[in-house]
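Observations on the model geometry
Below, each chain spelled out in residue letters.
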Amino acid sequence: MFAQQMSEMLTPNTFESFRVYSLDTIARLREALELVDEVKRARVPPATLTPIYSELVWSFSKDAAAKALAADEIDSLLLILKQANVRISDFASHIRMIQKLVTPEYKERLEELILEIFPHQNRRIDLRKLVGFYCSHIINLGYQRKFILELVQNYFFSHPVQRARSATLSKFFREFDGKPKKFIVHAAVTKDLGSYLRGLHYTIRDRTSLTVDQSTVLTLNQNTPNLSMALEFGSEQFDPHGAMTEVFQMLSSQRAIAYLDPHGMRSEWGETMHVARARAKTGSAVTRSDFLVDTAPRKVPSSGNRLRSIRNYARSIATRFDTPSTERLLSSINTAALARTSVNPENQLISFWSAIEVLLSEPREDPRIVHYAALVTPCIALRHTRRQVTAIYDELLVSYRRRFKQLVWRTGAPKSLHAAFAFAQMMFLPEHANLRTDLCNLLSDNPLALHRVWKLHHDYNDVKCANSTIRDHFSRVNWQVHRIYRARNQLVHAGRMPSYLESLILNLAEYFRSSVTTIIGLARANDQPSDIDQIVAEIGIRYEIMRTKLARRPAGSLQITPEDVAMIMDQ
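Read on for an overview of the structure.

The rules behind the values
- Residues numbered from 1 in each chain as written.
- Predicted model: local features only at pLDDT ≥ 70, side-chain atom pairs only at ≥ 80, totals over all residues.
- Heavy atoms only, no water.
- Salt bridge = Lys/Arg side-chain N within 4 Å of Asp/Glu carboxyl O.
- Helix = DSSP H or I, 4+ residues; strand = E, 2+ residues; numbered from the N terminus.
- Buried < 20%, exposed > 50% of the residue type's maximum accessible area, 1.4 Å probe, protein only.
- Phe/Tyr/Trp six-rings, centres within 6.5 Å; stacked < 30°, edge-to-face > 60°.
- 1 Å grid on protein atoms, 1.4 Å probe; cavity = no way out; pocket = protein on both sides within 12 Å on 5 of 7 lines; lining within 4 Å.
- Points joined across faces, edges and corners; volume = space filled by probe spheres on them.
- Nonpolar A, V, L, I, M, F, W, Y, C, P; charged D, E, K, R; others polar.
- Core = buried A, V, L, I, M, F, W, Y, C linked by side-chain atoms within 4.5 Å.
- Contact = heavy atoms within 4.5 Å.
- Pairing = 2+ DSSP bridges.
- Axes fitted to C-alpha atoms, helices over the stretch in contact; angles between N-to-C directions.
- Left-handed = near helix turned anticlockwise from the far one by under 90°.
- Expected span 1.5 Å × (residues − 1).

Some details on the pattern of salt bridges
Between side chains of opposite charge, a pair can form when the charged atoms approach closely. A full pass over the atoms with the stated rule returns 27 salt bridges. For Glu-16, the salt bridge identified is with Arg-387, shortest N-O distance 2.8 Å. Note that Glu-16 is positioned in the loop between α1 (2–10) and α2 (25–40) and Arg-387 in helix α18 (residues 384–409), a separation of 371 residues in sequence. Overall, Glu-16 belongs to the buried group, its relative accessible area being 9%. For Arg-387, a relative accessible area of 18% translates into the label buried. Residues participating in the shared-partner salt-bridge network are Arg-28, Glu-31, Glu-55, Arg-483 and Arg-486.

In structure tokens, the structure reads:
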């Protein structure tokens, strides 16, 4: 279960709600102090602190390690945050105090709690929370996502293991000792780029002088005939992927500098590099993989003809909106496409956020981020349940195929209904309890799948649970949208790249895609060409209507009905 959760959280194409947290509690405390400083300098309005307050309350309620290390101090802060007007100085003082108490032992306490909980099958939700904070923490320390995934694979999946033991987990945890290692990186470069770098006192070698191990790795590059020289670069990082990333960023910066010359130069290198520990005789091939561009589409039988789906989107964009809205929508999509073609993560985030701003109306009275978050969050959240149910359905269909599909259609749902909607009825409606039992029997050999369907049913067990789940997701998206905007400003105005940038880009890519599809979906229902601003406003209204209906349900009638399922699935 631990290994499955780690793998799922770190895989780039995992559904948004199942991914690793962008920030752990330590990173949130640091972020809060940075924003307090920005507010004190009058660089951002005080309203931007509101989501920070809410998210810290959520983080402390979920993070058992932080509570164990500073329980009284956290309780004192929570009392302050309940006040109508929070004094920024008191808030900052509490944050610094908690930071001093929690930071030194945070990683070790998380590991202790995971070791304590993971043998207990009835504490899977607690385990997932701890794994989420732990995974986020080591990423924010500086370990690369791909390196962690490789370790998970090597420790838990590369050879038959019936069940992970405490000793295995303890050994796995020791891989993340927080101590930088010295690496030597060799990267194949063009002759022009090599000569240029040699003039800047970088070590450049002829490819023929490399060891067999180094030369074999560099010949894996498809453009190897153009790369006659090799850069030798010393790096201090936590893992080989971090060392390779440092070299890639350095080469990208030098190529950008070359553009200052009107004629430029041929700046090309191989994305597969040889990385070895400083005194090691052999190393390994480390290839830069773009988590956004290189993610292959899933081959899911239930998803139908993707070509037809894309064609339907194109037709709707061209015919379902008035002319100004069509131009804005296409401009937004074109701007987002720049992120798909860029290899630079900073450009990816900036492009996606610019696409969001083009998609939405201009702010008039509210601060920019408050305005944009208020508009885009309902567009993301309205169909979240639908996307979540579909994601789980698709994963189960890949593994269990005919047996799972037959089980879903035993609900008696009409065949004209999409199978994922029939699956939602099976999971949410009380009359299908026997089918859920059969599903658990089918998934008995897969702890993560069992937990996933149990959690789905638990979150939508009745109207009260559904309302709480939908509200909590809305809050998390709102916090993340604010964070994305702050990260974008850091990149644009200060050139600072946060450690959690990759997570933000993955989430923002999904946020943009889900917003656009929701907007197009609502426009399809209109007979006349739609105005995009009106559509966005109507999405916000529909979301509030759904939340109001769920919140006002009488206590005596909280069971989920077919009408409720249709509403929360935006059917």
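Remarks on the packing of aromatic side chains
By the definition in use, this model includes 29 aromatic pairs. The interplanar angle of 80° and the centroid separation of 5.9 Å between the aromatic rings of Phe-2 and Phe-172 together place this pair among those described as edge-to-face. Taken together, the residues Phe-2 in helix α1 and Phe-172 in helix α10 (residues 166–174) connect sequence positions 170 residues apart. Phe-172 gets classed as buried once you look at its relative accessible area, which sits at 0%.

Observations regarding empty space enclosed by the protein
Left-over empty space is what a probe sized like a water molecule reveals as it rolls over the atoms. Taken as a whole, this structure holds two cavities of 30 Å³ or more when the rule is applied. Its volume calculated, the largest cavity comes out at about 40 Å³. Taken together, Met-1, Ile-117, Phe-118, His-120, Gln-121, Arg-123, Arg-124 and Leu-127 make up the full set of residues lining the largest cavity. Of the residues in the lining of the largest cavity, the class split is four nonpolar, two polar and two charged. Considering the residues around the second largest cavity, the lining is formed by Arg-19, Val-20, Arg-145, Ser-503, Leu-506 and Asn-507. Ranked by residue count, the leading element in the lining of the second largest cavity is helix α23 (residues 501–524), at three residues. Taken together, the residues of the lining of the second largest cavity sort by class into two nonpolar, two polar and two charged.

Thoughts on the nonpolar core
Counting residues in hydrophobic clusters, the biggest one holds 90 residues, and the most contacted among them are Phe-404, Phe-423, Phe-428 and Leu-439. When residues of this core are assigned to their parent elements, the largest contribution, 12 residues, is made by α23. Every residue in contact with Leu-439, bar those within four places of it in the chain, is listed here: Phe-404, Leu-407, Phe-423, Met-426, Met-427 and Val-453. Counting 58 residues, the second-largest nonpolar core is a separate cluster that includes Met-6, Met-9, Phe-60 and Ile-98.

Let's talk about the pairing of strand β3 (residues 229–237)
Examined bridge by bridge, strand β1 (residues 181–189) and β3 share nine bridges and lie antiparallel to one another. The partner of Ala-187 across the bridge, within β3, is Leu-231. Judged from the four bridges that link them, strand β2 (residues 203–206) and β3 form a sheet pairing that is antiparallel. Residue pairing in the sheet places Asp-206 in a bridge with Met-229 of β3.

Considerations on the sheet that holds strand β5 (residues 284–287)
Strand order in the open sheet made by the five strands is β2-β3-β1-β4-β5, with antiparallel pairing throughout. Both outer strands of the open sheet, β2 and β5, are each paired with one neighbouring strand and no more. For this sheet, the mean inter-axis angle between neighbouring strands, taken without regard to orientation, is 35°.

Describing the packing of helix α17 (residues 368–381) against helix α24 (residues 532–551)
Viewed as axis vectors pointing N to C, α17 and α24 meet at an angle of 65°, and their least axial separation amounts to 9 Å. Between α17 and α24 lies a crossing of left-handed hand. On the side of α17, the interface is formed by Leu-375, Pro-378, Cys-379 and Ala-381, while α24 contributes Val-536, Ile-539, Gly-540 and Tyr-543. When the residues that make up the contact of α17 with α24 are grouped by side-chain class, the tally is seven nonpolar, one polar and no charged.

Remarks on α2
Given a rise of 1.5 Å per residue, 16 residues ought to cover 22 Å, and the 23 Å separating the end C-alpha atoms of α2 matches this to within 8%. Taken as a whole, α2 has its buried residues at Thr-25, Ile-26, Ala-27, Arg-28, Leu-29, Glu-31, Ala-32, Leu-33, Leu-35, Val-36 and Val-39. Just past α2, the residue Ala-42 takes up positive phi, approximately 65°.

Describing unusual backbone geometry
Across the chain, the bulk of peptide bonds are trans and the bulk of non-glycine residues have phi less than zero. Despite not being glycine, Ala-42 has its phi angle at roughly 65°, a positive value. Mapped onto the elements of the fold, Ala-42 is located in the loop between α2 and α3 (50–62). The exposure class assigned to Ala-42 is exposed, which follows from its relative accessible area of 66%. Non-glycine residue His-201 carries a positive phi angle of around 75°. A relative accessible area of 75% places His-201 in the exposed class.

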